[in-house]
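For reference, the chains in residue letters:
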Amino acid sequence: VQLQASGGGLVQAGGSLRLSCAASGGILRVNEMGWYRQAPGKQRELVATETSFGSTTYLNSVKGRFTISRDVSKKMMYLQMYSLKPEDTAVYYCNTRPGLRINGNDYWGQGTLVTVSS
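Okay, so let's go over this structure. No experiment lies behind these values; they were computed from the predicted model shown. (Residues numbered from 1 in each chain as written. Predicted model: local features only at pLDDT ≥ 70, side-chain atom pairs only at ≥ 80, totals over all residues. Heavy atoms only, no water.)

**Structural notes on the overall build of the chain**
For step 1, the next point in the chain: When you go through the chain residue by residue, the secondary structure sums to 1 helix and 12 strands.
For step 2, the next point in the chain: Helices and strands appear in the chain in the N-to-C order β-β-β-α-β-β-β-β-β-β-β-β-β.
For step 3, the next point in the chain: Taking 13 Å as the expected radius of gyration for a compact globule of 118 residues, we find that the chain reaches 13 Å, a close match to that expectation.
For step 4, the next point in the chain: With the principal axes as the frame, the chain shows a C-alpha extent of 40 × 30 × 25 Å.
For step 5, the next point in the chain: Here the chain holds 118 residues, and 38% of them are scored as buried.
For step 6, the next point in the chain: Summarising the internal contacts of the chain: among those between residues at least 6 apart in sequence, 56% fall at separations of at least 24.
For step 7, the next point in the chain: Within the structure as shown, the chain displays about 6300 Å² of accessible surface, and the carbon and sulfur contribution to it stands at 48%.
For step 8, the next point in the chain: Taken together, the 13 basic and 7 acidic charged side chains of the chain have centroids lying 2 Å from each other. (Helix = DSSP H or I, 4+ residues; strand = E, 2+ residues; numbered from the N terminus. Rg over C-alpha atoms; globule rule 2.2 N^0.38 Å. Buried < 20%, exposed > 50% of the residue type's maximum accessible area, 1.4 Å probe, protein only. Contact = heavy atoms within 4.5 Å. Areas by Shrake-Rupley, 256 points an atom, 1.4 Å probe, with all protein chains shown as cover. Lys, Arg positive; Asp, Glu negative; His and termini not counted. Charge placed at Lys NZ, Arg CZ, Asp CG, Glu CD.)

**Concerning the state of the cysteines**
For step 1, the next point in the chain: As enumerated under the stated definition, the model contains 1 disulfide in all.
For step 2, the next point in the chain: A sulfur-sulfur distance of 1.9 Å marks the disulfide that ties Cys21 to Cys94. Taking the torsion about the S-S bond as the criterion, the Cys21 to Cys94 disulfide, at about 70°, is right-handed. Here the residue Cys21 occupies a position in strand 3 (residues 17–23), and Cys94 occupies one in strand 9 (residues 90–96), the gap between them amounting to 73 residues.
For step 3, the next point in the chain: Its relative accessible area of 0% is what places Cys21 among the buried residues.
For step 4, the next point in the chain: Taking relative accessible area as the criterion, Cys94 reaches 2% and is therefore assigned buried. (Disulfide = S-S within 2.5 Å.)

**Here we look at the environment of Lys42**
For step 1, the next point in the chain: Looking at the secondary structure, you find Lys42 in the loop between strand 4 (33–38) and strand 5 (45–50).
For step 2, the next point in the chain: Its relative accessible area of 57% is what places Lys42 among the exposed residues.
For step 3, the next point in the chain: Sequence separation between Lys42 and Ser69 is 27 residues; the distance between their C-alpha atoms is 26 Å.

**Remarks on the packing of aromatic side chains**
Aromatic rings considered in pairs are described by the distance between their centres and by the relative angle of their planes.
For step 1, the next point in the chain: Taken as a whole and assessed by the stated rule, the structure comprises 2 aromatic pairs.
For step 2, the next point in the chain: When the centroid spacing of 4.8 Å and the interplanar angle of 85° are considered together, the rings of Tyr36 and Trp108 count as edge-to-face. You can see Tyr36 sitting in strand 4 and its partner Trp108 sitting in the loop between strand 11 (105–106) and strand 12 (112–117), a full 72 residues away along the chain.
For step 3, the next point in the chain: Given a relative accessible area of 9%, Tyr36 falls into the buried group. (Phe/Tyr/Trp six-rings, centres within 6.5 Å; stacked < 30°, edge-to-face > 60°.)

In structure tokens form, the structure reads like this:
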């Protein structure tokens, strides 16, 4: 199993970024997927979800600004982020929803850091 997020970086407030997630195997084909984030000193939170049928949900604070999507053929998931705010600063992770557990342990792949400057 591999979930590897990328695409983060430093951006000014109001800017945009597109995060990508490479997922191994058939994870994207059948699972509800999510983008999560963890800001410094805060708990990880669920930002956006997408079912295998394409239904999406979003954290209230990102509605209208973030879009989750997936390309099963490429084994990739994406989070397009517009109108970024300093409070969006966090490490972003992709995972199934609920998150994967492997051998009794929570699995979190590589995250990607998004820093939004004011």
